[in-house]
Amino acid sequence: MQKLTGKIAFVTGASSGIGEATAHAFAAEGARLLLAARRTDRFAELTSKLKKAGAQDVHTFSLDVRDAAQVASAVDKLPEAWKAIDILVNNAGLSRGLDKVYEGKLQDWDEMIDTNVKGLLYVTRAVVPGMVARGSGHIVSMGSTAGEMTYPGGAVYCGSKAAEHAINDGLRQDLLGTPVRVTSIDPGMVETEFSKVRFRGDKERAAKVYQGLTPLQAADVADAILWAVTRPPHVNIARVLLTSIDQANSLLFNRKQA
Ligand code: NDP
Ligand code: 8X3
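Fair warning: this is a prediction, and the values are worked out from it, not measured in the lab.

1. A closer look at the environment of G54
Inference 1: Tracing the chain through its elements places G54 in the loop between α2 (43-53) and β3 (57-62).
Inference 2: Between the C-alpha atoms of G54 and R231, which are 177 residues apart in sequence, the distance is 21 Å.
Inference 3: With sequence-adjacent residues up to four places away left out, G54 is seen in contact with A27 and G30.

Quick look at the structure:
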C-alpha cells in the first residue's frame, strides 16, 4: 500500500516550485490532489503528469489566497468528493524586492504580508474546522530560515516568515486535544521561481542568488514534507529546518568564486 493512498491533499501555490514538487511526491504515494494557484494555465499538463505518476485523482482550481472571500467560497464550494481534506499544504508565498526598510515599496510589503501571512490564515481558517469536525487532518505550512534569522534587505519577507512560525506554533496549541497535526517546514535557499518573482523577472539577478553554491531543490523540500505527513498518527513533527550543505543560516554561505 502506498503511503498516502486515497488521502486528499490540498496544496496551495501548486503551479511551480515547492508546491508542484510536493504534488509530485504525493502523487507517487497515491494521493488525491487538490491543487490551487492563480496561473491555472499550468495545471492541464501538470494534471496529466501527476496522474501518470500515480495520483488517484487531481482537481485544480484558480485561487488567490489574498482574497478572503474567494478562499472561503472556493473551499465551501468544493465538490462533495473533495471536501474531506486530509492534508493542507500552506505553500503559496513569495518575496518582492530586497530593499532597506526605509526605502521599501509599500506595494511589495502589502503583497508579501497579504500572501504569506493573511493568505495562509485565510486558507487555514477555511479548511481546519472540517478537519476538527472529522477528527483528522494535518496542516503543513512553509516557513523558512528567513523566519529564524533576518538578513539585510529582507526585513519584511523575514517578518512574514517569523509570523508563519508564530501562527504555526499557536495553531498547534489551539489544536491540542484534537488529532489534527501541525508542521512548519523551514528550508534555506531553494532553486525555484522564487528569486525570479522576488526580482520581478530579472533572470540575471535571480541566477546570481544561486551562483557558486549548490542550493536545495524543490524535490528535497517535498521529500521533507512527505516525511512529516507520513509519521504515525501520534507523532507531530513541529518543525523541520533544512538547508543545502552550502548554507549554515540566513547569512552564512559556502560560495565558490567563479
Ligand atoms: P515559486 O515562486 O516557485 O512558487 C510560489 C507559488 O506560490 C506559485 O505556485 C505561485 O502561484 C503561488 N502563489 C504566489 N502568490 C499567490 C497567491 N496570491 N495566491 C495563490 N498562490 C500564490 O516559489 P517557491 O516554490 O520557492 O515558494 C513556495 C513557498 O516556499 C513560499 O511560501 C516561499 O516563501 C517558501 N520558501 C521558499 C524558499 C526558496 O528559497 N525558494 C525557501 C524557504 C521557503 P501563482 O503565481 O500561479 O499564483
Ligand atoms: C526563502 C529563503 O533566504 O531567500 O525563504 O529568504 S531566503
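Moving on, there is more to tell.
2. Examining the sheet that holds strand β6 (residues 181-187)
Inference 1: The parallel open sheet is built from 7 strands, whose spatial order is β3-β2-β1-β4-β5-β6-β9. The open sheet has two edge strands with one neighbour each: β3 and β9 (239-242). Strand-to-strand twist of the sheet, defined as the mean angle between neighbouring strand axes without regard to direction, takes the value 15 degrees.
Inference 2: Across 6 bridges, strand β2 (residues 32-37) lies against β3 in parallel orientation. Its bridge partner being in β3, L34 is matched across the sheet by H59.

3. What to know about the site of ligand 1
Inference 1: The immediate surroundings of ligand 1 are formed by 30 residues, with S15, S16, R38, Y157 and T192 found nearest.
Inference 2: Contacts to ligand 1 include Y157, whose side-chain N or O atom sits 2.7 Å from an oxygen atom.
Inference 3: At 2.8 Å from an oxygen atom of ligand 1 is found a main-chain nitrogen or oxygen belonging to V190.
Inference 4: With the chains in place, 96% of the 870 Å² that ligand 1 exposes on its own is no longer accessible.
Inference 5: Contributing elements (two or more residues each) for the shell around ligand 1: α1 (17-27), α5 (155-174) and α6 (194-198).
Inference 6: Here the residues of the shell around ligand 1 are counted per class, giving 13 nonpolar, 11 polar and 6 charged.

4. Side note on the site of ligand 2
Inference 1: With respect to spatial proximity, the complete set of residues near ligand 2 consists of S144, A146, Y151, Y157 and F194.
Inference 2: Side-chain polar atom of S144 to an oxygen atom of ligand 2: 2.6 Å apart, as the coordinates give it.
Inference 3: Y151 places a polar side-chain atom, nitrogen or oxygen, 2.5 Å from an oxygen atom of ligand 2.
Inference 4: Split into classes, the residues belonging to the shell around ligand 2 amount to 4 nonpolar, 1 polar and no charged.

5. Here's the deal with the packing of aromatic side chains
Inference 1: In the structure shown here, the tally under the stated rule is 2 aromatic pairs.
Inference 2: For the ring pair F10 and F61, a centre distance of 5.7 Å and an interplane angle of 35 degrees mean the geometry is tilted. With a gap of 51 residues between them, F10 in strand β1 (residues 8-12) and F61 in strand β3 connect regions that are remote in the sequence. Each member of the pair, F10 as well as F61, carries the same accessibility label: buried.
Inference 3: A ring pair is formed by Y157 and F194, whose centres lie 5.3 Å apart and whose planes are at 65 degrees; its orientation type is edge-to-face. Residue Y157 is found in helix α5, and its partner F194 is found in helix α6; the two are separated by 37 residues along the sequence.
Inference 4: The lysine or arginine in question, R198, covers the ring of Y157, its NZ or CZ lying 5.5 Å from the ring centre.
Inference 5: Directly above the aromatic system of F253 lies the positively charged group of R255, at a separation of 5.3 Å from the ring centroid.

6. Some details on the side chain of E164
Inference 1: By the element assignment, E164 lies in helix α5.
Inference 2: One buried charge, E164, has no salt-bridge partner; the nearest side chain with opposite charge is K161, at 6.4 Å.
Inference 3: In contact with E164, not counting residues within four places along its chain, are L120, S141, M142, G143, S184 and D186.

7. Considering helix α3 (residues 68-76)
Inference 1: Those residues of α3 that fall on the buried side of the exposure criterion are V71, A74 and V75. Across the axial projection of α3, the buried residues extend over an arc of 95 degrees, all falling on one side. In this structure, α3 carries A69 and D76 as exposed residues pointing more than 90 degrees from its buried face.
Inference 2: Buried residues in α3 make contact with β1, β3 and α4 (106-134).
Inference 3: Capping the start of α3 is the job of one residue whose side-chain oxygen sits 3.2 Å from the backbone nitrogen of A69: D67.

8. Some points on the packing of α1 against α2
Packed helices, taken two at a time, are described by their axes: the angle between them and the distance between them.
Inference 1: Put simply, α1 and α2 touch, their axes get as near as 8 Å, and they point 30 degrees apart. On the basis of the axis angle, α1 is roughly parallel to α2. The handedness of the crossing between α1 and α2 is right-handed. Facing E20, A23, H24 and A27 of α1, the residues of α2 in contact are L46, K49, L50 and A53.

Rules used throughout
Residues numbered from 1 in each chain as written. Chains lettered and ligands numbered in written order. Predicted model: local features only at pLDDT ≥ 70, side-chain atom pairs only at ≥ 80, totals over all residues. Heavy atoms only, no water. Helix = DSSP H or I, 4+ residues; strand = E, 2+ residues; numbered from the N terminus. Contact = heavy atoms within 4.5 Å. Pairing = 2+ DSSP bridges. Axes fitted to C-alpha atoms, helices over the stretch in contact; angles between N-to-C directions. Near = heavy atom within 4 Å. Polar contact = N/O pair within 3.5 Å; in protein donor to acceptor, adjacent residues only side chain to side chain. Areas by Shrake-Rupley, 256 points an atom, 1.4 Å probe, with all protein chains shown as cover. Nonpolar A, V, L, I, M, F, W, Y, C, P; charged D, E, K, R; others polar. Phe/Tyr/Trp six-rings, centres within 6.5 Å; stacked < 30°, edge-to-face > 60°. Buried < 20%, exposed > 50% of the residue type's maximum accessible area, 1.4 Å probe, protein only. Lys NZ or Arg CZ within 6 Å of the ring centre and 35° of its normal. Lys, Arg positive; Asp, Glu negative; His and termini not counted. Salt bridge = Lys/Arg side-chain N within 4 Å of Asp/Glu carboxyl O. Arc of directions from axis to C-beta. Parallel < 35°, antiparallel > 145°, perpendicular 65-115°, else oblique. Left-handed = near helix turned anticlockwise from the far one by under 90°.

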